[in-house]
Number of protein chains: 2
Amino acid sequence: MALIKNEKITSRDVDFAKWYTDIVKQAHLAYYTSVKGCLVLEPYSYAIWENMQKVLDGMFKELGHENVYMPLFIPESLLKKESEHVEGFAPEVAWVTHGGKNELEERLCVRPTSETLFCEYYSNVVNSYRDLPKLYNQWCNVVRWEKSTRPFLRTREFLWQEGHTIHETAEDAEAETHRMLNVYKKFFEEYLAIPVLTGKKTEKEKFAGAEYTLSLEALMYDGVSLQSATSHYFGQKFAKAFDVKFVDRENKLQYVYQTSWGTTTRMIGALIMVHGDDNGLVLPPKIAPKQVVIASIRNNDEVSKVIDQINEELAKEGIRILVDKSDKSAGFKFAEYEMKGIPVRIEVGPRDIANGKVVVARRDTSLKEEVNIADIAQYVKNLLVDIQQSMYNKALKHTQERTYTCTNLEQVKEIMNTKPGFIKAMWCGDPECEAKMKEIRGMKSRCIPFEEEHICDECIVCGKKAKHMVYWGIQY
Amino acid sequence: MALIKNEKITSRDVDFAKWYTDIVKQAHLAYYTSVKGCLVLEPYSYAIWENMQKVLDGMFKELGHENVYMPLFIPESLLKKESEHVEGFAPEVAWVTHGGKNELEERLCVRPTSETLFCEYYSNVVNSYRDLPKLYNQWCNVVRWEKSTRPFLRTREFLWQEGHTIHETAEDAEAETHRMLNVYKKFFEEYLAIPVLTGKKTEKEKFAGAEYTLSLEALMYDGVSLQSATSHYFGQKFAKAFDVKFVDRENKLQYVYQTSWGTTTRMIGALIMVHGDDNGLVLPPKIAPKQVVIASIRNNDEVSKVIDQINEELAKEGIRILVDKSDKSAGFKFAEYEMKGIPVRIEVGPRDIANGKVVVARRDTSLKEEVNIADIAQYVKNLLVDIQQSMYNKALKHTQERTYTCTNLEQVKEIMNTKPGFIKAMWCGDPECEAKMKEIRGMKSRCIPFEEEHICDECIVCGKKAKHMVYWGIQY
């Protein structure tokens, strides 16, 4: 059945970029204001973000992390304390120079990330090894003055969480770095239904100021990859720059070991690009603001009564429900739910209920089934579980089909120009070879996986002895 | 019993301002960084804020409000569209002038409030009366470049929520303005245990750009009042400045009617100053991060077992619990819980449990009672309800005792210089008379209550015919 709203979005196979922005607009996710590169998160995307926050926040707290709130501004002198960090961020920060009518004595940058502020705070809360670890997190807005922007994926202001922890030993801090990456992995796979690669970033791609960066990489429908979360190990680099010391078990002064980790509203972009189709968004049940819509086909008292009854039964199961008894045409209503990616639609019409039945349609496959009203709660409960799993399986299959093993650059070029995806290839460790790879559609190393395969002995670029197997890809 | 930590805070009757900052520091609520006038909200105050958010957010959503997120920045030209608004806010905004190394073509202010951004957004989501009302809210940070600051009460950056709504008619919008003030009143009285005055601000004290402002005023322990929440009615003022129109039921173009309402992390300051005492914070159970602490007096296996058992029983009741089996001295531990204002302390010691008992101490009155372990869950449940109510009653009594009816300025001066509080007095409506009142310790009109009493016929300042009964007070 051709649906009304569909005509409003470009097909994703025709023009993926246009399809993406069409969905952002038609599903009322975000709106560009007169502030260049900054978005309004509309109620629907914000509701998705709130669901993400709720789950992640619970996972963080479960592991003992406490939420705090740091200032929005960082004095220039503070930002400059760690040299690699300032080099990485200074070119893309927004500067506040005036308060009211007065010029400030020292300009302040709007936080692009808060390592420096946390370090200043640490100095004042840590004296002894007994005070460690300190496990903090904050939910906030950050600003990076990007030149080109794209809704959710790259905006000048975005919302995120940033975890910041300090530890007694390198082992503890490294364990935290890995533990939090795994929290993200679990969240992406079990809640967002998005399969991810995990591994270590190369020196060139790591966070400014980190000893190393771990990352989560996901493949979008168009074969382009998205860095979806990162977890950084800082060793004692910042601690030395900010003089964050504690008295250790041997009664000696020692620098703390530090981590940070974060993920952003960019996850909403990932949901769109992994699961969406030509009818709009497709949301995994665990994160969808509304999991089920119960809609009237034609309105009468009987239909209304059945809707209320089903609503009540599903609500008892804790299912998030939208009820729609409006007089709009079924075609119009359904197109709207499809655009919004509501996982399950229950159609309640006079003819079906006369037979004790309703029609249940799933968003991910478009399959419809007649279900006895008496069985509806159990049916929908099972269906939501099934949809969540099917969506993951489908995304995994796509990622697997688009993951290629290559041993020469001609293969890579051929793939990237036709059906791009993740490329597995050997690498010598030389940044020069990464620069060469970049000439192919801007490809970058995504990560060095924790369990590397041995594909061949030579670097795919220079032919010298390979050190690592690397995942490569084009990125958003 | 003299407690160890007490010595760290000044008595509130000796130096209230010092007492306040001592508590902020000793209860680990906030920390000043190198960013002048900006705070770190430490885990404990942030947990209080999260509890406040959860309750208020639920109340807003219950009434149909949806959360959104607007940009942090407002272009200067947008801020200037409504003339009274910009006059009120421009002197105290922070200006971003550079992005990276480049000077911006137009400078951006860091939002002090978001009316202008919402107005820009409204134009794009409202066409017809069928689209109204739109009921939005956002949780975010705002910046006002204040000259003198004080933790929670007045800081250059603070966290808040700002509700923004548009309506078809003036009646609807005015009803919303009152409805949301009542939501705040309910929240303050039932959750924060803080009694409040409600009423309308005078022209002089209203929000920049509003037709009128309603406010919630609470009296602190020292008799100084705190404007605790505000709700503004804008009529069509902003709608005209921003050209926000819709097609009404008569098919005519019409401007929308608008409201906004907000409250901030300043509520944490109110909790401190209304309920705190010389031993630290005293938190109302409904908002306390931990409602009960179960602490060992001396540790042994039996004590540990009883603690676990009580913990389990209270957790079943949904009570938020802190368990402390540490070996620190009871005096030290207790002082810490008192400082943090945990409403109930359960002391588990070998001697008492031999008799099947534990000692239960309440924070608000310091009363202790021996309770049978078998009865503990029911006892604590009732106690928490009782504490919540007692704290409200105590604060109400204090406010009533410090509310004075005056008919001449000599009385007012005498009161404000000895035992300040709310002054009820008649007023002619002339801002000149408000200016005269200000000469008495900076007093301002707090609000014109919804139900005015008739005290006398003459304005307390000029003696001319009075128009209103006004509550006056010194303010934070």
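Residues numbered from 1 in each chain as written. Chains lettered and ligands numbered in written order. Predicted model: local features only at pLDDT ≥ 70, side-chain atom pairs only at ≥ 80, totals over all residues.

Novice: Can you help me understand the overall build of chain A in this one?
Specialist: Summing up its helical and strand segments, chain A has 14 helices and 23 strands in all. Its C-alpha atoms give chain A a radius of gyration of 25 Å, within 12% of the compact-globule value 23 Å for 476 residues. Expressed along its principal axes, the backbone C-alpha trace of chain A runs to roughly 80 × 55 × 50 Å. The buried share of chain A, reckoned over its 476 residues, is 50%. Sequence separation of at least 24 residues holds for 69% of the intrachain contacts in chain A that already meet a minimum separation of 6. (Helix = DSSP H or I, 4+ residues; strand = E, 2+ residues; numbered from the N terminus. Rg over C-alpha atoms; globule rule 2.2 N^0.38 Å. Buried ≥ 20, exposed ≤ 12 C-beta atoms within 10 Å, placed from the backbone. Contact = placed C-beta atoms within 7 Å.)

Novice: Can you walk me through the domain arrangement of chain A in this structure?
Specialist: The assigned domain composition of chain A is domain 1 (12–275), domain 2 (292–385) and domain 3 (403–473). Taking the mean C-alpha position of each, domain 2 of chain A and domain 3 of chain A sit 48 Å from one another. (Domains from an automatic or database assignment.)

Novice: Please explain the packing of helix α2 (residues 43–62) of chain A against helix α6 (residues 170–191) of chain A as it appears in this structure.
Specialist: For any two helices packed against each other, the geometry comes down to the angle between their axes and how far apart the axes lie. All names here are of chain A. Between α2 and α6, the shortest axis-to-axis distance is 11 Å and the interhelical angle comes to 145°. For the crossing formed where α2 meets α6, the hand is right-handed. Counted together, Val55, Leu56 and Met59 of α2 and Val183, Phe187 and Tyr191 of α6 form the full contact between these two elements. Taken together, the residues of the contact of α2 with α6 sort by class into 6 nonpolar, no polar and no charged. (Axes fitted to C-alpha atoms, helices over the stretch in contact; angles between N-to-C directions. Left-handed = near helix turned anticlockwise from the far one by under 90°. Nonpolar A, V, L, I, M, F, W, Y, C, P; charged D, E, K, R; others polar.)

Novice: So what exactly am I meant to see when it comes to the pairing of strand β23 (residues 468–473) of chain B here?
Specialist: Residues in a regular strand point their side chains to alternate faces of the sheet. Residues and elements named next belong to chain B. Looking at chain direction, strand β21 (residues 422–427) and β23 are connected through 5 bridges and run antiparallel. Paired with Lys424 across the bridge in β23 is Tyr471. Two strands pair when backbone bridges link them, and strand β22 (residues 444–449) and β23 are joined in this way by 3 bridges, in the antiparallel orientation. Bridging from a neighbouring strand, Ser445 pairs with Trp472 of β23. (Pairing = 2+ DSSP bridges.)

Novice: Before we go on, may I ask you to explain the interface of chain B and chain A in this structure?
Specialist: How big an interface is tends to be reported as the loss of accessible area on association of its parts. The partner chain A presents 43 residues to the 43 residues of chain B that form the contact. Ranked by the residues each element gives to the side of chain B that touches chain A, the list is headed by strand β5 (residues 94–99) of chain B, at 6 residues. In terms of residue class, the side of chain B that touches chain A is made up of 27 nonpolar, 9 polar and 7 charged.

Novice: Where do I start with the sheet that holds strand β6 (residues 102–110) of chain B in this structure?
Specialist: Two orientations exist for strands paired in a sheet by backbone hydrogen bonds: parallel and antiparallel. Taken in spatial order, the 6 strands make up an open sheet running β4(A)-β6(A)-β5(A)-β5(B)-β6(B)-β4(B), and their pairing is antiparallel. On the outer flanks of this sheet lie β4 (73–75) of chain A together with β4 (73–75) of chain B, each paired with one strand and no other. Across the sheet, the mean angle separating the axes of adjacent strands is 45° when strand polarity is ignored.

Novice: Would you explain unusual backbone geometry in this entry?
Specialist: Most of the time, phi is negative for any residue but glycine, and the peptide bond is trans. Here the residue pair Leu132(A) and Pro133(A) is connected by a cis peptide bond, since its omega of 0° sits within 30 degrees of zero. Backbone geometry at Phe152(A) places phi at a positive 70°, although glycine is not the residue there.

Novice: Honestly, the nonpolar core in this entry has me stumped. Any pointers?
Specialist: A general tendency of soluble globular proteins is for nonpolar side chains to be buried together. Leu192(A) and Leu192(B) are the most contacted members of the largest nonpolar core, which totals 290 residues. Sequence-distant contacts of Leu192(A), defined by excluding residues within four places in its chain, comprise Phe187(A), Met267(A), Ala270(A), Leu271(A), Pro284(A) and Ile287(A). (Core = buried A, V, L, I, M, F, W, Y, C linked by C-beta atoms within 7 Å.)

Novice: What am I meant to see in the sheet that holds strand β22 (residues 444–449) of chain A here?
Specialist: Residue and element names in this part refer to chain A. Pairing within the open sheet is mixed, and its 11 strands lie in the order β3-β7-β8-β14-β11-β10-β9-β22-β23-β21-β20. The sheet is open, and its two edges are formed by β3 (66–67) and β20 (403–405), each paired on a single side. Seen against the sheet, α6 touches β8 (157–167), β9 (197–200), β10 (212–219), β11 (225–235) and β14 (257–264) and runs at an angle of roughly 165° to β11.

Novice: In this structure, what is going on with the relation of the copies chain B and chain A? I would like to understand it.
Specialist: The pair of chain copies shares a relation made of a rotation about an axis and a shift along it. Relative to chain A, chain B is turned by 180° and slid 0.0 Å along the rotation axis, the superposed coordinates differing by an RMSD of 0.0 Å. Such values leave the two copies arranged in the relation of a two-fold axis. Every residue of chain B has its C-alpha some distance from the rotation axis, and the shortest such distance is that of Val96(B), at 2.1 Å. Comparing contact sets, 100% of the residues at the interface of chain B also lie at the interface in chain A, consistent with an isologous, same-surface contact. (Least-squares fit on C-alpha atoms with pLDDT ≥ 70 in both.)

Novice: Honestly, the confidence of the model for chain A in this entry has me stumped. Any pointers?
Specialist: Residue and element names in this part refer to chain A. Averaged over every residue, the pLDDT of chain A is 95; residues scoring 70 or more account for 99%. The low-confidence segment residues 1–5, where pLDDT is below 50, has 12 contacts with residues more than four positions distant or belonging to other chains. Listed scores for the predicted complex are pTM 0.96 and ipTM 0.95. (pLDDT = per-residue confidence, 0-100.)

Novice: Teacher, can you tell me more about helix α6 (residues 170–191) of chain B here?
Specialist: Structural remark: α-helix, 3.6 residues per turn; residues separated by three or four positions point the same way. Residue and element names in this part refer to chain B. For α6, which comprises 22 residues, the first-to-last C-alpha distance of 31 Å matches the rise-based estimate of 32 Å (1.5 Å per residue) to within 8%. For α6, the set of buried residues is Ala173, Glu176, Thr177, Met180, Leu181, Val183, Tyr184, Phe187, Phe188 and Tyr191. The buried residues of α6 occupy one face: seen down the axis, they fall within an arc of 145°. Looking at the buried side of α6, the elements it contacts are α2 (43–62), β8 (157–167), β9 (197–200), β10 (212–219), β11 (225–235) and β14 (257–264). Downstream of α6 by a residue or two, Ala193 has a phi angle that is positive, lying close to 60°. (Expected span 1.5 Å × (residues − 1). Arc of directions from axis to C-beta.)

Novice: Any chance you could explain the pairing of β14(A) here in plain terms?
Specialist: Residues and elements named next belong to chain A. Counting buried positions over the 8 residues of β14 gives 8, a clear majority of the element. Residues Tyr257, Thr259, Trp261 and Thr263 point to one face of β14 and Gln258, Ser260, Gly262 and Thr264 to the other, with burial holding for every one of them. Both β8 and β14 contribute to a ladder of 8 bridges, which runs antiparallel. What sits directly across from Gly163, in β14, is Trp261.

Novice: Before we go on, may I ask you to explain the environment of Tyr136(A) in this structure?
Specialist: Residues and elements named next belong to chain A. Structurally, the position occupied by Tyr136 is in strand β7 (residues 134–143). Residue classification places Tyr136 among the buried positions, given that 26 C-beta atoms sit within 10 Å. Along the sequence, Tyr136 and Phe118 sit 18 residues apart, while their C-alpha atoms lie 9.1 Å from each other. Setting aside residues no more than four positions away along its own chain, Tyr136 makes contact with His65, Glu66, Val68, Phe118, Gly163, His164 and Thr165.

Novice: Would you mind showing me how to read the environment of Val323(B) here?
Specialist: All names here are of chain B. One can find Val323 in strand β16 (residues 321–324). The partly exposed category is assigned to Val323, around which 18 C-beta atoms lie within 10 Å. For the pair Val323 and Ser296, spaced 27 residues apart in sequence, the C-alpha separation works out to 8.6 Å. Excluding residues that lie within four positions of it along the chain, Val323 makes contacts with Ile294, Ile307 and Asn311.

Novice: Would you mind showing me how to read helix α9 (residues 301–316) of chain B here?
Specialist: All names here are of chain B. Between its terminal C-alpha atoms α9 stretches 23 Å, which fits the 22 Å expected from 16 residues at 1.5 Å a residue. Looking at α9, one finds that the buried residues are Val303, Val306, Ile307, Ile310 and Leu314. Around the axis of α9, the buried residues are gathered within 105° of arc, so they sit on the same side. For α9, the exposed residues set more than 90 degrees away from the buried face come down to Asp301, Lys305, Glu312 and Lys316. Where α9 is buried, its residues meet β15 (292–296), β16, β17 (344–348), α11 (350–354) and α12 (376–401).

Novice: Looking at this structure, how should I read the packing of α9(B) against α12(B)?
Specialist: All names here are of chain B. Where α9 contacts α12, the axes come no closer than 9 Å and their chain directions differ by 55°. Our classification of the angle between α9 and α12 gives oblique. In the crossing of α9 with α12, the sense of the turn from one axis to the other is right-handed. Residues Ile310, Glu313 and Leu314 of α9 form the contact with α12, whose participating residues are Ile376, Ala377 and Val380. Broken down by class, the residue content of the contact of α9 with α12 amounts to 5 nonpolar, no polar and 1 charged. (Parallel < 35°, antiparallel > 145°, perpendicular 65-115°, else oblique.)

Novice: I keep staring at the environment of Gln388(A) and nothing clicks. Help me out?
Specialist: All names here are of chain A. Counting through the fold element by element, Gln388 comes out in helix α12 (residues 376–401). The sequence separation of Gln388 and Ile310 amounts to 78 residues, and the corresponding C-alpha distance is 22 Å. In this view, Gln388 contacts Ala193, Pro284, Pro285 and Lys286; residues no more than four positions away in its chain are not counted.

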